[in-house]
Amino acid sequence: MAGPDPLRRFVHRLPLHLAPLGIDRLVARLTGVPWIVLETVGRRTGRRHTVVLDVLHHDPGRDVYYVQPAYGARADWVQNALHTSDVTARVGGRHVHARARDATGAEGAEATLRLVRAHPWYARVVAFLVGHVHGLERSDDALRPELARLCTVALDVVPDAPV
């Protein structure tokens, strides 16, 4: 899979540089879609790496956040998170310890579908930038199989764990 062109790479990396300024909270207020700042441990280097992602869905009952890589399962942060599943994250004013796991399939499709239906214009912008899914106006049943193929990572929050 080819990587992003320079403009798309810039757009994808911009939140990483803006998050320390609190822009993530402003974006969440304006769009209704929170960003999560995820810190993983490099699978080869052991160094900490940070990425900023859209939260597809947060299941407050199970305290699970769902996120997706822009360019698939080969993204370094995905490989790091699935190799060493203990991650830390900041979303809104909350700092949490979580365990990452692959939620690709029906679980990931449902999380993505929630974003598409709750924030249709935002989902269209993301679909344009990433290019994985087209025709978001289709029925839920028509979208589910395509959404189930998209790499999705679930971040299961570990209660009372030190961050």
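Before reading on, note that the structure itself is shown above.
All of the points below concern the structure found in this document. (Residues numbered from 1 in each chain as written. Predicted model: local features only at pLDDT ≥ 70, side-chain atom pairs only at ≥ 80, totals over all residues. Heavy atoms only, no water.)

### Examining a nonpolar patch on the surface
Counted only if it meets this: Here the term patch refers to residues with relative accessible area over 30% and no salt bridge, with like charges joined within 9 Å and nonpolar side chains (Val, Leu, Ile, Met, Phe, Trp, Tyr) within 5 Å. With residues, only the protein chains shown are counted as cover, and all accessible areas are computed by Shrake-Rupley using a 1.4 Å probe. When a carboxyl oxygen of Asp or Glu is within 4 Å of a side-chain nitrogen of Lys or Arg, the pair counts as a salt bridge. Relative accessibility under 20% of the residue-type maximum defines a buried residue, over 50% an exposed one, and the middle range a partly exposed one, all with a 1.4 Å probe and only protein chains included.
A cluster of nonpolar side chains, Leu7, Phe10 and Leu14, forms an exposed patch at the surface whose accessible area comes to about 310 Å². For Leu14, a relative accessible area of 31% puts it in the partly exposed group.

### Some words on the packing of helix 4 (residues 106-118) against helix 6 (residues 140-148)
What counts is decided by this rule: Think of each axis as a best-fit line through the C-alpha atoms, taken over the contacting stretch in the case of a helix, with angles from 0 to 180 degrees between the N-to-C directions. Every helix listed is a DSSP run of H or I at least four residues long, and every strand listed is a run of E at least two residues long, numbered separately from the N terminus. Any angle that falls under 35 degrees is termed roughly parallel, while one over 145 is termed roughly antiparallel, one within 65 to 115 roughly perpendicular, and all others oblique. For a crossing to be left-handed, the near helix must be turned anticlockwise from the far one by less than a right angle; the clockwise case is right-handed. The contact criterion used throughout is that any non-hydrogen atoms of two residues lie within 4.5 Å. Note on residue classes: Ala, Val, Leu, Ile, Met, Phe, Trp, Tyr, Cys and Pro are nonpolar, Asp, Glu, Lys and Arg are charged, and everything else, Gly too, is polar.
The contact between helix 4 and helix 6 brings their axes to 8 Å, and the two run at 125°. Put simply, helix 4 runs oblique to helix 6. The handedness of the crossing between helix 4 and helix 6 is right-handed. On helix 6, the residues touching Ala106, Ala109, Glu110, Thr112, Leu113, Val116 and Arg117 of helix 4 are Asp140, Leu143, Arg144, Leu147 and Ala148. Classifying every residue of the contact of helix 4 with helix 6 gives seven nonpolar, one polar and four charged.

### Examining the pairing of strand 7 (residues 153-157)
In plain terms, the rule: In this description, strands pair whenever DSSP reports at least two bridges between them.
Judged by how many residues are buried, strand 7 sits mostly within the fold: four of five residues are covered. Relative to strand 7, strand 4 (residues 64-67) is paired through four bridges, and the arrangement is antiparallel. Within strand 7, the position partnered with Tyr65 by the bridge is Leu155. In the sheet, strand 6 (residues 94-102) pairs with strand 7 via five bridges, with the strands oriented antiparallel.

### Observations regarding the sheet that holds strand 3 (residues 57-59)
Overall, antiparallel pairing links the seven strands, which are arranged 2-1-5-6-7-4-3 in an open sheet. Strand pairing shows two members of the sheet lacking a second neighbour, strand 2 (48-54) and strand 3, which therefore form its edges. Strand after strand, the sheet turns through a mean of 30° between neighbouring axes, direction not considered. Lying over the sheet, helix 3 (residues 76-83) contacts strand 1 (35-41), strand 2, strand 4, strand 5 (86-91), strand 6 and strand 7, oriented at roughly 65° with respect to strand 1.

### Looking at the environment of Thr104
Cut-off, in case you're wondering: Under the rule applied, a polar contact is a pair of N or O atoms within 3.5 Å (in protein, one hydrogen donor and one hydrogen acceptor; residues adjacent in sequence only if both atoms are side-chain atoms).
Its place among the elements puts Thr104 in the loop between strand 6 and helix 4. In contact with Thr104, not counting residues within four places along its chain, are Ala148, Arg149, Leu150, Cys151 and Thr152. Polar contacts involving the side chain of Thr104 include one to the side chain of Asp102, which spans 2.6 Å. One polar contact links the side chain of Thr104 to the main-chain amide nitrogen of Thr152, over a distance of 3.1 Å.

### Comments concerning the pattern of salt bridges
Inspection of the entire model under this criterion finds 12 salt bridges. Between Asp86 and Arg99 there is a salt bridge whose closest N-O contact spans 3.1 Å. Linking Asp86 in strand 5 with Arg99 in strand 6, this pair joins segments that are 13 residues apart in sequence. Judged by relative accessible area, which is 41%, Arg99 ranks as partly exposed. Here Arg101 and Glu107 are joined by a salt bridge, their closest N and O atoms 2.9 Å apart. Assessed through its relative accessible area of 28%, Glu107 is described here as partly exposed. Connected through shared salt-bridge partners, Asp59, Arg62, Arg101, Glu107 and Asp156 make up one network.

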